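Residue-level structure breakdown
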Amino acid sequence: MKGLVVALLCSLCVLAGCTDPDARPGEASPNPAPEPTASEPSATDGPKRSDEPSQQSEPSETPEESHPVSLPALMDKEYDGARLRLGAEVYASATQRQYAVTYRSGGLTVSGRIAVPEGEGPFPAIVLAHGYIDPAYYVNGQGMTREREWFADHGYVVLHVDYRNHAESDDTRIGEADLRMGYTEDVVNAVLALRSWDGPVDEERVAVGGRSMGGGVVYNVLVAQPGLVDAAVVWAPVSSDAVDNYDRWIGSDPGRSDLVAELDRRYGLPDEAPEFWSGISARTYFDRVAEPVLIHHGTADDTCPLRWSRETARLMERDGVDVTLTEYPGEGHAFGPQFYASMEQARRFLARHLR
């Protein structure tokens, strides 16, 4: 029976653009990906933005009355991230320990997992936003398990966010119809909860990372709360234009007709309500981004097309963001052969910007 559930979960993840190829329900220490077989593409990262004069255009103005489901609403929101509580230990090795956790976000209890390196600390930290896995099948700590373990092995406290409506988190009436705005709030609050925790975290050195859908959540965090973190890293991210993501995974999927009808009722579809869809698209507000950003993307990604990241990087550069796009020849969405190459690139990037 367990094998049937896992097989069903894996098939659903493939259809939905799930991002962690070795994610298994309840597993904290997945089998490692194979060592890279191709050399890492060269990339030159710009200097840390906090040490430079601002080269950004004037920040986008926020409407006086923002739509409650929008990035401008998240710009104005008062956040309550706190009460990070450790639960059961779920994994231990010579280099780290991992625990189930909960914290407060938007009046909700949100679950997740935390990995803490062995040693006294304080340690730099990274908050991880996982990719899409159907909330009905998602279990605590699933997605980005490789990244969570790797970062902790290299001296980072890692807080992996389950998101609302996932695992042991509280559910909301709106569910997926809030189009990731709730997930964005949960990641912002995860950073705040981690910083207020009495564990071995260096609150002056905190980054955020995400894969696939989680990469889009990271973009949202950067525009909603500029200056919240010190740097951001994404792998195989979705588009920074919400319409691209709607067209690829919602509007074109007959199995999501109920969600399409709900979005139409609440907001109007993209052709009918362009202002709403612009308001939930991170690229509309890239001129607000204050942190350096590293984007990893494989040239053979058939889930999130490389052109999306090329356009995101172009628009970020236009708006003065310190952005680096590293392309991995022949690599697919899941980052198998070049997973470790991407992690070493991320390590060097974060070492420059988390000082």
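Rules of the game
Residues numbered from 1 in each chain as written. Predicted model: local features only at pLDDT ≥ 70, side-chain atom pairs only at ≥ 80, totals over all residues. Heavy atoms only, no water. pLDDT = per-residue confidence, 0-100. Contact = heavy atoms within 4.5 Å. Core = buried A, V, L, I, M, F, W, Y, C linked by side-chain atoms within 4.5 Å. Buried < 20%, exposed > 50% of the residue type's maximum accessible area, 1.4 Å probe, protein only. Helix = DSSP H or I, 4+ residues; strand = E, 2+ residues; numbered from the N terminus. Phe/Tyr/Trp six-rings, centres within 6.5 Å; stacked < 30°, edge-to-face > 60°.

Quick word on the confidence of the model for the protein
Averaged over every residue, the pLDDT of the protein is 87; residues scoring 70 or more account for 82%. In this model, residues 1-60 is a region of pLDDT below 50 whose contacts with residues beyond four sequence positions or in other chains number 130 contacts.

Looking at the nonpolar core
Counting residues in each nonpolar core, the largest one holds 70 residues, and the members touching the most others are Leu84, Ile114, Val187, Leu194, Leu263 and Trp277. Contacts of valine 187, omitting those with residues within four sequence positions, involve Tyr103, Val127, Ala129, Val161, Tyr163, Val208, Val217 and Val221. Core analysis: the next-biggest nonpolar cluster, separate from the first, contains 25 residues, Met144, Tyr156, Phe349 and Leu350 among them.

Focus on the environment of tyrosine 219
Its place among the elements puts tyrosine 219 in helix H5 (residues 213-224). On the basis of relative accessibility, which here comes to 1%, the residue tyrosine 219 falls in the buried class. A sequence separation of 14 residues divides tyrosine 219 from valine 233, and the C-alpha atoms of the two residues are 9.8 Å apart. With residues near it in sequence (within four places) discarded, tyrosine 219 still touches Val234, Pro237, Val238, Ser240, Ala282, Ile295, Thr312 and Met316.

Some thoughts on the packing of aromatic side chains
Counted according to the given criterion, the structure contains 10 aromatic pairs. Both rings, one in tyrosine 163 and one in tyrosine 183, keep their centres 4.4 Å apart while their planes meet at 10°; by these two values the pair is stacked. One end of the pair, tyrosine 163, is in the loop between strand E5 (157-161) and helix H4 (181-196); the other, tyrosine 183, is in helix H4, with 20 residues separating them in the sequence. Judged by relative accessible area, which is 0%, tyrosine 163 ranks as buried. On the accessibility criterion, tyrosine 183 (2% relative accessible area) is buried. For the pair tyrosine 219 and phenylalanine 286, a centre-to-centre distance of 6.3 Å together with 80° between the ring planes defines the contact as edge-to-face. Linking tyrosine 219 in helix H5 with phenylalanine 286 in the loop between helix H8 (274-279) and strand E8 (293-298), this pair joins segments that are 67 residues apart in sequence. The two residues tyrosine 219 and phenylalanine 286 agree in class, both being buried. Here a set of aromatic residues connected by ring pairs shows up, and it is made of Tyr246, Tyr267, Phe276 and Trp277.

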